[in-house]
Amino acid sequence: MDKIVALCKRRGFIFQSSEIYGGLNGAWDYGPLGVELKRNLKDYWWRSMTQVRDDIVGFDGSILMNRAVWKASGHEATFSDPLIDCKTCKGRFRADQIDSSTCGLKPSKSPRECGGELTEPKTFNLMFKTYVGAIEDESAITYLRPETAQAMFVQFKNVVDVTQKKLPFGIAQIGKAFRNEINPRNFTFRSREFEQMEVEFFVKPGTGPEWLEKWLEERLSWYEAIGIPRAKIHVLTVPEKDRAFYSQGTYDLEYEFPFGIQELEGIAHRGNYDLKQHQEHSGKPLEYFDEESKTKYLAEVVEPSAGVDRTVLALLCEAYAEETVKDEESGKEETRVVLHFVPRIAPIKAAVFPLLKNKPELVAIARDIYKKLQPLMKVAYADSAAIGRRYRRMDEVGTPYGVTVDFETLEGTKAASVSATGAPIELGQKDTVTLRHRDSMKQERIAIADLPAYLLAKIS
Ligand code: GAP
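Residues numbered from 1 in each chain as written. Predicted model: local features only at pLDDT ≥ 70, side-chain atom pairs only at ≥ 80, totals over all residues. Heavy atoms only, no water.

A few words now on the packing of aromatic side chains. Counting across every chain of the model gives 22 aromatic pairs. Aromatic rings pair up to connect Phe153, Phe156, Phe169 and Phe202 into one cluster. In this arrangement the basic side chain of Arg310 is found over the ring face of Phe189, its NZ or CZ atom lying 3.7 Å from the centre. The ring centre of Tyr381 lies 4.5 Å from the NZ or CZ of Arg367, which sits over that ring. (Phe/Tyr/Trp six-rings, centres within 6.5 Å; stacked < 30°, edge-to-face > 60°. Lys NZ or Arg CZ within 6 Å of the ring centre and 35° of its normal.)

Structural data, given as structure tokens:
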């Protein structure tokens with residue numbers, strides 16, 4: 001895990017928030033490569049949920065909502081953790097994690113073993129409280145949303161009315177959520193500000209259990225498509241005593257992180273709890289009119305709720321490898337660090353290299369290929385250092401393809417006559433470059449004209 005955290009900083013995936021001021025616990029910034037990785041992940045989820053399915057529509061709700069939402073949902077009263085304070089070291093610990101916590105004064109001991117005086121557990125609400133408007137009084141209180149879900153329940157009727165969707169159908173949303181976690185830890189795994197990808201899938205009464213099973217299968221194969229094998233995901237049937245109060249059945253999808261097997265996503269059968277609560281509290285009907293049976297009823301909900309940041313972390317952990325390989329130039333054995341991202345998720349899809357940077361004819365063709373690929377996908381251009389080193393640097397950030405313009409490219413091409421001033425290049429149909437594959441390190445020749453279609457097919 002330490003190596004992954006170091007790589008994330010070194011190569012610009014993830015930085016500590018407010019780092020120059022000593023950081024802010026539980027908050028993280030995504031650097032230039034991290035933001036591409038995260039965006040690719042969210043785009044693929046969005047495409048899987050809203051573009052290639054007929055039965056889910058997209059949505060983007062506000063983070064701030066009327067406080068009444070959080071009263072109705074139960075968050076204001078119950079979204080809390082039990083905490084125990086130590087009067088001796090002034091530490092504060094989650095009651096359910098106290099045995100795995102460490103004493104502030106005697107780090108080799110847990111708060112139960114150190115002899116400090118502990119209080120009885122007290123509840124601590126995890127929502128961040130804030131005030132709307134200029135007056136900071138009771139009437140202005142609201143919260144930063146602790147889940148994206150509630151806006152989709154509250155707008156259920158509007159969405160049905162404008163889309164004419166029939167049950168079963170879903171609403172999908174990606175967005176930030178905030179929880180004042182007592183103990184943010186394991187890098188980005190447990191943060192105070194994070195993103196969720198949630199679907200609220202509305203189904204006919206009584207059909208929740210069968211949709212829960214369908215969503216389990218759907219989500220397991222989705223993780224495979226982003227490069228997290230089924231064998232690395234553990235499906236936990238959450239026992240009733242550990243389920244959220246609204247849940248009639250929950251599966252947790254857990255991943256084998258280096259720090260232990262931990263939750264990536266929860267898939268919950270929420271029954272009609274949320275719609276019922278909002279209908280009662282708002283006084284506005286949220287029932288669905290079933291044209292077939294000519295009856296009105298409250299829909300049940302099955303909710304696959306995934307964490308963006310946790311999935312990014314799982315992708316990094318899954319992709320990271322250290323391999324003993326032969327240097328592609330010298331033939332000497334060395335260790336390479338490589339991220340084996342699947343191409344659709346990789347932050348950079350291809351890197352274009354002129355073999356030598358002091359050969360204008362190579363540089364001109366490489367720049368031309370780079371500029372032609374740029375509108376189609378995220379590409380990089382690199383001309384400094386030996387080609388073997390440039391391959392390694394791209395391996396380390398998970399770029400699946402390297403495109404090298406070399407002397408063979410020049411053979412028989414009109415490009416050989418390109419001037420150092422960068423006159424336009426006319427490439428023939430048969431001009432080729434070296435295409436280097438990150439995982440196998442194999443190299444082959446490919447016609448420049450075929451390159452865009454080849455790469456597009458690989459990344460889609
Ligand atoms: N709407 C249901 C809901 O919010 P949850 O299990 O509390 O359910 C769903 O959260 C997902 O959100 C989790 O599986 C996890 O991936 C992510 N998540 C929750 N709390 C998080 C935190 N503090 N830091 C990072 N991700 C978190």
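From this point, the discussion proceeds with the structure in view.
Segmenting the chain into domains produces domain 1 (2–71 + 143–315) and domain 2 (348–459). Using C-alpha coordinates to define each centre, domain 1 is positioned 40 Å away from domain 2. The interface of domain 1 with domain 2 comprises seven residues on the first partner and six residues on the second. Of the roughly 600 Å² buried at the junction of domain 1 and domain 2 (both faces included), carbon and sulfur atoms supply 49%. For the interface between domain 1 and domain 2, the tally reads two salt bridges. Residue Glu396 pairs with Arg10 through a salt bridge whose shortest N-O separation is 2.6 Å. Viewed at the interface, domain 2 and domain 1 are joined by three residue pairs in polar contact (both at pLDDT 80 or more). Taken together, the elements giving at least two residues each to the side of domain 1 that touches domain 2 come down to α1 (2–11) and α2 (32–51). A breakdown of the residues in the side of domain 1 that touches domain 2 according to their chemical character gives three nonpolar, one polar and three charged. (Domains from an automatic or database assignment. Contact = heavy atoms within 4.5 Å. Buried area = accessible area lost by both parts, 1.4 Å probe. Salt bridge = Lys/Arg side-chain N within 4 Å of Asp/Glu carboxyl O. Polar contact = N/O pair within 3.5 Å; in protein donor to acceptor, adjacent residues only side chain to side chain. Helix = DSSP H or I, 4+ residues; strand = E, 2+ residues; numbered from the N terminus. Nonpolar A, V, L, I, M, F, W, Y, C, P; charged D, E, K, R; others polar.)

Turning next to the site of the ligand. Around the ligand, 20 residues are found, and the nearest of them are Glu147, Ser191, Glu198, Glu263 and Leu264. Within the side chain of Arg270, one N or O atom sits 3.5 Å away from a nitrogen atom of the ligand. Take Glu303: an N or O atom from its side chain is 2.9 Å from a nitrogen atom of the ligand. When isolated, the ligand has an accessible area of 550 Å², and the protein chains bury 90% of it. (Near = heavy atom within 4 Å. Areas by Shrake-Rupley, 256 points an atom, 1.4 Å probe, with all protein chains shown as cover.)

For the rest of this paragraph, the subject is helix α13 (residues 451–459). Listed as buried for α13 are Leu451, Leu455 and Ile459. Seen along its axis, α13 keeps its buried residues to an arc of 50°; they face one direction. Looking at α13, the residues exposed on the side facing more than 90 degrees away from the buried face are Ala453 and Ala457. Where α13 is buried, its residues touch β19 (350–354), α10 (360–373), β21 (401–405), β22 (432–437) and β23 (443–447). (Buried < 20%, exposed > 50% of the residue type's maximum accessible area, 1.4 Å probe, protein only. Arc of directions from axis to C-beta.)

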